[in-house]
Amino acid sequence: MVKQKKRKKYIFVVGGVMSGVGKGITASAIGRIIKSRGFEVTAIKVDPYINVDAGTMNPIEHGEVFVLDDGDETDQDMGNYERFLNINLSSDNYMTTGRVYQSVINKERNLEYKGKCVEVVPHIPMEIISRIKKASKKDGADVTIIEVGGTVGEYQNILFLEAARMMKVKNPDDVLFVLVSYVPIPSKVGEMKTKPTQYASRTLNAAGIQADIIVARSSKELDDIRKDKIAKSCSVDKKSVISAPDVESIYYVPLNFEKYELSNTILKKLNLRAKKKDFKEWKKFTQNIEKAKKEVKIGIVGKYFKSGDFVLSDAYISVIEAIKHSAFNKGLKPVIDWLDSEEYKKNPKKLKELNKYDGIVVPGGFGTRGVEGKINVARYCRENKIPYLGLCYGMQIAVVEYARNVLKLEDVHTVEMKKNATHKVIDILPEQRKKVKNKEYGGSMRLGLYATNIKKGTQAFDAYKTEIVEERHRHRYEVNSDYVEQLEKAGLVFSGKSPSGNLMEIMELPKKEHPFYLATQFHPEFLSKPLATHPLFDAFIKIASK
Ligand code: GLN
């Protein structure tokens, strides 16, 4: 008998009614439950914008730029997939309209379409399909989850939906559609309204797609009457209408889905036989969240929080999640405050308020706004022995602070802030100088995984317990090697250096001087996962909680 090739399965997750209803978490949670049934799962994010990647976008507008091992600058949802699926993804798992068009145009220029007229349809959807299949193959996935950004009914994502439709027509048993919808409860009416979901489902129909599963997001649990209504009007069976009320923690979502046996429903529809059912590890993590009582209070000092009248934390999502992972796994309840860095320049008296925190994080950032405030925070934490974790810019400003206030140098800065400072303790990386001069900004920073050698006997070594680590980077500036000797003589410890020894990757104060004052040029937050917490965040949280 000829052995039949295993058929690859694809689940498209699309959004209806409005943005921000939690498509990314839904896609990630579906991935987690399918994985728990014994399948290899991978995920792809489709962003409908023209930008080739997320790297050139303002974090206030777009949220965090999530960096992958291979240096791709992507959407924050990629972080959710990695965290829920406990895997590392690559640039094959991310696409934008810009990226798709760019490769179609390149292929056309190389005569790869063999003289044909290259058209928006079918060539763009075909390129999308070939990218989906490539990622699925590379990751060896049985099931590939594809989240289509945007909302059904808008112009932007229509070619991605067309690609999905084409895949469904070709292999109806291998492709499944999940519509994530929103069910509002208008305060004046006091009743759950399903009409927007009905419209969203019909709009999807207009693109030639029928939802197989509807995830109904709402502030409350969906009752039987509304479930029935959605099922009947959207042509899905009642079991395939999943109630997804707001939850305390996003990590509860997979198990909530399983309350309705969602993995069984999906596997049945995709004609897959489950190999096992193993939610043990995930359950253990969520139980830690439930049990956590003792608080650990962390302040994040940033500048990408304010958006008009609203305060957003999206720009620092991986930092926030990394803190939570480490805290929960130590049985602690993280209490996180967003602190506006500009306040600490305008009003230095405010620095005293930092005493009420068990630890302070100064995360990454770009440009000049808010930087002097961060420098004041770094100084205050150093002098008052408040546990401090600096990430990227948070390390650079700590070095500036040390050179100013311990080395007592005059006119010290990073050249990102002051081009003609007398002491440029943070300078531009040599290969970056040309790029900036030529205005080559897209995808051009020092990006992705690079190795760091860890010095024994340091906080960093205590945390990692190993001599070489690889971490994800995203920066143009670095500690100026002309100052390393002076800084080290004055007491600063560079506990992590690039293998060549010329790039400073981790700085810290000696353990006997400060309980925890450590900062990294790289971004450890991008590698923290619920089932694989990050050693540096673990160490920081452990000491903060004492
Ligand atoms: N702006 C700094 C640099 O480019 C820090 C970057 C960051 O924090 N990600 O080096």
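The structure we're discussing is the one just above.
How each quantity is defined
- Residues numbered from 1 in each chain as written.
- Predicted model: local features only at pLDDT ≥ 70, side-chain atom pairs only at ≥ 80, totals over all residues.
- Heavy atoms only, no water.
- Near = heavy atom within 4 Å.
- Polar contact = N/O pair within 3.5 Å; in protein donor to acceptor, adjacent residues only side chain to side chain.
- Areas by Shrake-Rupley, 256 points an atom, 1.4 Å probe, with all protein chains shown as cover.
- Helix = DSSP H or I, 4+ residues; strand = E, 2+ residues; numbered from the N terminus.
- Buried < 20%, exposed > 50% of the residue type's maximum accessible area, 1.4 Å probe, protein only.
- Pairing = 2+ DSSP bridges.
- Right-handed = clockwise from strand over helix to strand, strands pointing away.
- Disulfide = S-S within 2.5 Å.
- Expected span 1.5 Å × (residues − 1).
- Core = buried A, V, L, I, M, F, W, Y, C linked by side-chain atoms within 4.5 Å.
- Contact = heavy atoms within 4.5 Å.
- Axes fitted to C-alpha atoms, helices over the stretch in contact; angles between N-to-C directions.
- Phe/Tyr/Trp six-rings, centres within 6.5 Å; stacked < 30°, edge-to-face > 60°.
- Lys NZ or Arg CZ within 6 Å of the ring centre and 35° of its normal.
- Salt bridge = Lys/Arg side-chain N within 4 Å of Asp/Glu carboxyl O.

Visitor: When you look at the site of the ligand in this model, what are you seeing that I'm missing?
Guide: Around the ligand, the neighbouring residues are Gly-364, Gly-365, Phe-366, Cys-392, Tyr-393, Gln-396, Glu-416, Arg-474, His-475, Arg-476, Tyr-477 and His-523. The separation between an oxygen atom of the ligand and a polar side-chain atom of Gln-396 is 3.0 Å. Within the backbone of Tyr-477, a nitrogen or oxygen atom sits 2.9 Å from an oxygen atom of the ligand. Coverage of the ligand by the protein chains reaches 99% of its 300 Å² of free accessible surface. Elements that contribute at least two residues to the shell around the ligand include exactly α15 (393–405) and β19 (468–475).

Visitor: In this structure, what is going on with the pairing of strand β8 (residues 213–218)? I would like to understand it.
Guide: Of all six residues in β8, six are buried; the element is thus mostly enclosed. Neither face of β8 is open: one carries Ile-213, Val-215 and Arg-217, the other Ile-214, Ala-216 and Ser-218, and all of them are buried. Looking at chain direction, strand β7 (residues 175–182) and β8 are connected through five bridges and run parallel. Residue pairing for β8: Ser-181 is matched across the bridge by Ala-216. Of the crossover connections in this fold, the one passing from β7 over helix α7 (residues 195–206) to the parallel β8 is right-handed. A crossover connection joins β8 to the parallel strand β9 (residues 241–245) through helix α8 (residues 224–234); in handedness this β-α-β unit is right-handed.

Visitor: Would you take a moment to explain the state of the cysteines for this structure?
Guide: Covalent bonding between the sulfur atoms of two cysteines defines a disulfide. Applying the stated criterion across every chain, the model contains zero disulfides. You can see Cys-381 has no disulfide; the closest cysteine sulfur is in Cys-392, sitting 18 Å from it.

Visitor: Can you walk me through helix α12 (residues 317–329) in this structure?
Guide: The end-to-end C-alpha separation of α12 is 18 Å, in line with the 18 Å expected for 13 residues at 1.5 Å each. Within α12, 11 of the 13 residues are buried, which leaves the element mostly enclosed by the surrounding structure. Turning to α12, its buried residues are Ile-317, Ser-318, Val-319, Ile-320, Glu-321, Ala-322, Ile-323, His-325, Ser-326, Ala-327 and Phe-328. Where α12 terminates, the next one or two residues include Gly-331, which has phi positive at roughly 75°.

Visitor: In this structure, what is going on with unusual backbone geometry? I would like to understand it.
Guide: Only a minority of non-glycine residues have a phi that is not negative, and only a minority of peptide bonds are not trans. In this chain, Val-121 is followed by Pro-122 through a cis amide linkage whose omega measures 10°. Its place among the elements puts Pro-122 in helix α5 (residues 120–138). Even without a glycine there, the phi angle at Asp-411 is positive, about 55°. Not every positive phi belongs to a glycine, and Lys-439 is a case in point at roughly 55°. With respect to the helices, strands and loops of the structure, Lys-439 is situated in the loop between α16 (430–437) and β18 (446–454).

Visitor: Can you walk me through the nonpolar core in this structure?
Guide: Here is a general trend for soluble globular proteins: nonpolar side chains tend to be buried in one another's company. Ile-11, Ile-30, Ile-34, Val-178, Phe-257 and Ile-266 are the most contacted members of the largest nonpolar core, which has 50 residues in total. Filtering out sequence-adjacent residues up to four positions away, Val-178 remains in contact with Ile-11, Phe-12, Val-13, Val-14, Ile-30, Ile-213 and Val-215. Among the nonpolar cores identified, the runner-up in size contains 42 residues, and Tyr-344, Tyr-388, Tyr-477 and Val-479 belong to it.

Visitor: For this particular structure, what's the right way to read the environment of Ile-320?
Guide: The topology assignment puts Ile-320 in helix α12. As for Ile-320 and Glu-525, which are separated by 205 residues in sequence, their C-alpha atoms are 8.4 Å apart. Apart from residues no more than four positions distant in its own chain, Ile-320 is found in contact with Ile-300, Ser-313, Ile-336 and Trp-338.

Visitor: Is there a simple way to think about the sheet that holds strand β17 (residues 423–428) in this case?
Guide: In any sheet, the strands associate via hydrogen bonds between backbone groups, in a parallel or an antiparallel arrangement. Read across the open sheet, the three strands follow the order β16-β17-β20; overall the sheet is mixed. At either margin of the open sheet sits one strand with a lone partner, and together these are β16 (412–414) and β20 (477–479). The average undirected angle you get between the axes of adjacent strands in this sheet is 25°. Relative to β17, β16 runs parallel, the two being bridged by three bridges. The residue of β17 that forms the bridge with Val-412 is His-423.

Visitor: What is the right way to look at the packing of aromatic side chains in this model?
Guide: Here the distance between the centres and the angle between the planes together describe a pair of aromatic rings. Enumeration over the complete set of coordinates arrives at 10 aromatic pairs. In textbook terms, an aromatic cluster arises when at least three aromatic residues are bridged by ring pairs, as seen for Phe-84, Tyr-251, Trp-282, Phe-285 and Phe-328. Above the face of the Tyr-450 ring, Arg-446 is positioned so that its terminal group lies 4.2 Å from the ring centre.

Visitor: When you look at the pattern of salt bridges in this model, what are you seeing that I'm missing?
Guide: When their charged atoms lie close together, side chains carrying opposite charge are able to pair. For the structure shown, the criterion picks out 42 salt bridges. The salt bridge partner of Asp-92 is Lys-138, with a shortest N-O separation of 3.5 Å. You can see Asp-92 sitting in the loop between α3 (76–85) and β5 (94–96) and its partner Lys-138 sitting in helix α5, a full 46 residues away along the chain. Residue classification places Lys-138 among the partly exposed residues on the basis of a relative accessible area of 49%. Of the charged contacts, one joins Arg-404 and Glu-372 as a salt bridge, the two residues approaching to 3.1 Å between their closest N and O atoms. With Arg-404 in helix α15 and Glu-372 in helix α14 (residues 371–383), this pair connects stretches of sequence that are 32 residues apart. Because the salt bridges share partners, they merge into one network encompassing Lys-45, Asp-47, Asp-75, Asp-77 and Glu-147.

Visitor: It is not clear to me how the sheet that holds β8 should be interpreted in this structure. Could you clarify?
Guide: If you walk across this open sheet you meet the seven strands as β5-β2-β6-β1-β7-β8-β9, and the pairing is parallel. Only two strands of the sheet have a single neighbouring strand rather than two, namely β5 and β9. Taken pair by pair, the neighbouring strands of this sheet meet at an average axis angle of 20°, ignoring direction. Both strand β2 (residues 41–47) and β5 contribute to a ladder of three bridges, which runs parallel. For Lys-45, the partnering residue across the bridge sits in β5 and is Tyr-94. Strand contacts of helix α1 (residues 23–35): β1 (9–15), β2, β6 (143–148), β7 and β8, with the helix running at about 175° to β6, the strand carrying the most contacts. Against the sheet, helix α6 (residues 158–170) makes contact with β1, β2, β5, β6 and β7, and its axis sits at roughly 140° relative to β7, the strand it touches most.

Visitor: Where do I start with the environment of Arg-217 in this structure?
Guide: In this structure, Arg-217 sits in strand β8. Counting along the chain gives 105 residues from Arg-217 to Glu-112, while the straight-line C-alpha distance between them is 44 Å. Aside from chain neighbours lying at most four places away, what touches Arg-217 is Val-21, Val-180, Ser-181, Tyr-182, Val-183, Ala-244, Pro-245 and Asp-246.

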